[in-house]
Amino acid sequence: MSTITTSGTWPTITMDPSAGRVTGLNTNYIKWGGSSGSGYEFNGHPVEAKLDGTEFVLGTFTHHNQPTNIPQEKFDVYLDVKVEFEGNPPADLHFTFNHFETPNTTGSSPVDDDLVDLPSFVSAESVRVNGAAYKVELSGFKGADGSIVTQFRSPEGGSNSADIIAKFSRTLLKVWQQNAIERKSGSDETAYVNVAVESASTGHVDTDPLTHTFKAPAGYVWSGYAAYATYGASGTVTGSSGALQAHISDGGKTLTFINALSVDNLELDPNGKRMVYTLGLTPEKNAQVGRHDDGKVTIESDVSTDTGKLIGTIIDAGAEDTDPVTIEVPATSPSGTQQVIVRQDGSFEGRPGGESVYMNVIVESATAQTIKTGGLKHTLTAPSGFEWDGYAAYAYYGSGNAVSGAAGAFQVQISADKKTLTFDHDFKVGNPAKDPKGKRLVYTLGLKPQQNATVGRHVDGSITIGTGTTAAKLKGTIATP
């Protein structure tokens, strides 16, 4: 239990302040109707509060209700509450009060009572305590009889008060692996895993710097590559991005870094953003063939821990795979037919009828020379068990696998059976491995596991670029339900 101190002001009202003769904006006592004195007052105070969901008094609300003449009966009044939690930075919370100024037709209660409603009960903002994020959830108004209600009735001709009851609720983070990683036994090629983090519920979440710990799945060790980017719902980088300073221990099996989070839930807030970490792993020598689901990501603060599972697969060295394929394409610079290398980066995995998964397809120059093309048709067929969901984005990456250059979403066409996806795209690609200034193109495409998909690894998808018939293979795995 800790002491918090609250205070509040009324910054806005959805009534013309001039016509409504509004005074007291940005103070704790807002009035309307001129000299009548009708209005809202909020008084905060120090209070002992727990973080375990126990209710406490956020402050005292008073409606000073006097007969008044204003231009509208119904309007909203907005309350800003500052919460100061000892030893932690203050937080500003915002709540809305719906007001109904009744017409006073009978001169008696309860018919002529004014009504005050709370339309939303959870703050959009978070309070940070020891690095963890908490929402403030309003339970309602608590009157003299001890009952808690969400609609406050205020009799005419007096000042009517009630305590506003609230509680802290832990803001959980949703942590998950976006793509499957897969390498052949004996390979030394780095695989890149994308780990997404967003709020587990509605509302924005800001945190203090938190310790992130990643345990590699069996058969892999961390390479040391660690980067981050914030993405919007369209797949476009919407905020900061860059490299992270990571520490590797336990013979390469554990990777840690510290990073603050500023995330939303994109399913609930299409205008929000999620954090995506891209981390490099290298297959271990003599790694055991199989699917290994013993990796783990842990994001922890002083008071809580959010976790997610990490999965990696080692396949037999002789297994059919999506090896890089050289495709000839018409180019505008240098003019004529040029060669690009096309390959799927890693793999993806879903369960029958499950959530969408994401495929990354890399396109880069076959030489150190940068190639520019006009609009070329891309045709992709989904591996067995999957269908395209319409999500399509692209980004350019330079040396070190860092985002470098244009990125964004684009429009695609999907066949009636959802197995074929096509789009036209012009690109300019180099080869970062052969020219440090070169950039590779990465397409990120969404697929949904089909309801009756057959469990197994399927390497029968394909991609062609331009008018040629040379295709690179695409693969995906349907896991056991």
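Anything mentioned here points back to the structure above.
Residues numbered from 1 in each chain as written. Predicted model: local features only at pLDDT ≥ 70, side-chain atom pairs only at ≥ 80, totals over all residues. Heavy atoms only, no water.

Within the secondary structure, Leu445 is located in strand 38 (residues 440–449). Expressed as a C-alpha distance, the spacing of Leu445 and Ala409, which sit 36 residues apart in the sequence, is 9.9 Å. With residues near it in sequence (within four places) discarded, Leu445 still touches Val357, Tyr358, Met359, Leu380, Trp388, Tyr391, Ala392 and Phe410. (Helix = DSSP H or I, 4+ residues; strand = E, 2+ residues; numbered from the N terminus. Contact = heavy atoms within 4.5 Å.)

What follows deals with the packing of aromatic side chains. Using the criterion set out here, one finds 26 aromatic pairs in the structure. Pairing Tyr358 with Tyr391 gives two aromatic rings, centres 5.2 Å apart and planes at 80°, and the pair type is edge-to-face. Taken together, the positions of Tyr358 in strand 30 (residues 357–365) and Tyr391 in strand 33 (residues 386–397) put the pair 33 residues apart, joining distant regions of the chain. For Tyr358, a relative accessible area of 24% corresponds to the partly exposed category. Both rings, one in Tyr394 and one in Tyr396, keep their centres 6.2 Å apart while their planes meet at 85°; by these two values the pair is edge-to-face. Using a relative accessible area of 17% as the deciding quantity, one classes Tyr394 as buried. Members of the aromatic cluster, each reached through a chain of ring pairs, are Trp10, Trp32, Tyr40, Phe61, Phe75, Phe97, Phe141 and Phe152. (Phe/Tyr/Trp six-rings, centres within 6.5 Å; stacked < 30°, edge-to-face > 60°. Buried < 20%, exposed > 50% of the residue type's maximum accessible area, 1.4 Å probe, protein only.)

Soluble globular proteins tend to pack their nonpolar side chains together in the buried interior. Formed by 38 residues in total, the largest nonpolar core has its most connected members in Trp32 and Phe97. The dominant element in this core, judged by the number of residues it contributes, is strand 6 (residues 74–85), at 6 residues. By size, the runner-up hydrophobic cluster in this structure holds 36 residues, among which are Val363, Trp388, Leu445 and Ala453. (Core = buried A, V, L, I, M, F, W, Y, C linked by side-chain atoms within 4.5 Å.)

Tracing the chain through its elements places Asp417 in the loop between strand 35 (413–414) and strand 36 (420–425). With relative accessibility at 48%, the residue Asp417 sits in the partly exposed group. Each C-alpha atom, one on Asp417 and one on Gly350, is 19 Å from the other, the two residues being 67 residues apart in sequence. Polar contacts involving the side chain of Asp417 include one to the side chain of Ser415, which spans 2.6 Å. In this structure the side chain of Asp417 is engaged in a polar contact, spanning 3.0 Å, whose partner is the backbone nitrogen of Lys419. (Polar contact = N/O pair within 3.5 Å; in protein donor to acceptor, adjacent residues only side chain to side chain.)

Next up on the list: unusual backbone geometry. In this structure, Pro110 follows Ser109 across a cis peptide bond, with omega equal to 10°. Its location among the elements puts Pro110 in the loop between strand 7 (91–100) and strand 8 (114–117). Pro334 follows Ser333 through a cis peptide bond whose omega is -15°. Assignment of secondary structure puts Pro334 in the loop between strand 27 (325–332) and strand 28 (335–345). Positive phi, close to 55°, is recorded for Asp250, a residue that is not glycine. With respect to the helices and strands, the residue Asp250 is situated in the loop between strand 21 (247–249) and strand 22 (254–259). Classification of Asp250 as exposed rests on a relative accessible area of 56%.

Now for the pairing of strand 38. Remark: a regular strand shows side chains that alternate across the two faces of the sheet. Across the 10 residues that make up strand 38, a large majority, 8, are buried. By the bridge criterion, 7 bridges tie strand 30 to strand 38 in an arrangement that is antiparallel. Bridging from a neighbouring strand, Val363 pairs with Leu441 of strand 38. The pairing of strand 33 with strand 38 spans 9 bridges and is classified as antiparallel. Of the residues in strand 38, the one forming a bridge with Glu387 is Lys448. (Pairing = 2+ DSSP bridges.)

On to the sheet that holds strand 1 (residues 2–13), then. Strand order in the open sheet formed by 6 strands is 4-1-6-7-8-12, with antiparallel pairing between adjacent strands. Looking along the sheet, the strands with just one partner apiece sit at the ends: strand 4 (46–49) and strand 12 (151–154). For this sheet, the mean angle separating the axes of adjacent strands, direction not counted, is 35°. (Axes fitted to C-alpha atoms, helices over the stretch in contact; angles between N-to-C directions.)

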